[in-house]
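Results of the structural survey
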Amino acid sequence: MDAARARKIADRIQQVVAEMLERRIKDPRLGFVTVTDTRITNDLSDATVFYTVFGSEAERADSAVALESAKGLIRSEVGRQTGLRHTPTLTFTHDPLPDNARHLEDLLAEAKARDVEIAKRAEGARHAGDADPYRKPEDRDGDDDDIDGADDADGIEGADGAGGSGGESVVGEPSERAGRSAT
């Protein structure tokens with residue numbers, strides 16, 4: 001069977017079951033039931049109807065019993081309205097998804113309340129050390145001691161490690177050294 005056709009039939013079964021629960025099933029044990037999803041096998045022999053019940057655990061249990069007792073009537077109506085040669089068997093399963101979503105919403109609300117509490121505590125707090133513990137380039141004390149060894153402004157010393165060219169020692173001010181040429 002084509003999966004798209006099976007999905008259309010599952011949607012139709014979901015509509016028929018919801019209409020039956022709303023209009024024709026008058027069991028007092030049936031609580032506020034919502035059909036959330038329906039899945040059918042590809043051979044169209046079994047259909048699983050997922051539902052939720054608004055209320056307590058006792059109302060959920062009573063609704064499950066009421067659905068089981070009305071299963072035959074609902075199945076015959078499904079067969080009549082879908083026009084299938086073989087009506088699928090129906091299985092009613094409680095859908096835990098809304099309960100899980102409610103639980104997650106409760107956890108998120110609790111986390112938000114804790115964040116607000118932590119923000120209130122942090123309002124008057126201050127740092128234990130300096131406000132800005134990082135060094136800035138203007139914090140240097142004026143020394144020409146660089147890490148890479150190039151401490152002169154013109155860059156001659158430290159270029160070859162000997163302080164000049166060809167082994168001759170250069171004496172004098174940086175302006176004199178800049179004017180000489182290598183001979």
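This one's a predicted model, so the numbers in the text were calculated from it and none came from an experiment.

Per-residue pLDDT for the chain averages 79, and the proportion of residues at 70 or more is 75%. For the chain, helix α5 (residues 174-179) is the element with the lowest average pLDDT, namely 51, and strand β3 (residues 89-94) is the one with the highest, namely 92.

Moving on, we get to the nonpolar core. Judged by nonpolar contacts, the single largest core of 26 residues is most densely connected at I13, V17, L21, I40, I74, L90 and F92. No other element matches helix α1 (residues 3-24), which puts eight residues into this core. Not counting chain neighbours up to four residues away, the residues in contact with L90 comprise I13, A47, V49, K71, I74, R75 and V78.

With their axes 10 Å apart at the nearest point, α1 and helix α3 (residues 71-82) run at an angle of 130° to one another. For the element pair α1 / α3, the angle class is oblique. Here α1 runs over α3; the crossing is right-handed. Counted together, R12, I13, V16, V17, E19, M20, L21 and R24 of α1 and L73, I74, E77, V78, Q81 and T82 of α3 form the full contact between these two elements. Classifying every residue of the contact of α1 with α3 by side-chain character gives eight nonpolar, two polar and four charged.

Criteria and cut-off values
Residues numbered from 1 in each chain as written. Predicted model: local features only at pLDDT ≥ 70, side-chain atom pairs only at ≥ 80, totals over all residues. Heavy atoms only, no water. pLDDT = per-residue confidence, 0-100. Helix = DSSP H or I, 4+ residues; strand = E, 2+ residues; numbered from the N terminus. Core = buried A, V, L, I, M, F, W, Y, C linked by side-chain atoms within 4.5 Å. Buried < 20%, exposed > 50% of the residue type's maximum accessible area, 1.4 Å probe, protein only. Contact = heavy atoms within 4.5 Å. Axes fitted to C-alpha atoms, helices over the stretch in contact; angles between N-to-C directions. Parallel < 35°, antiparallel > 145°, perpendicular 65-115°, else oblique. Left-handed = near helix turned anticlockwise from the far one by under 90°. Nonpolar A, V, L, I, M, F, W, Y, C, P; charged D, E, K, R; others polar.

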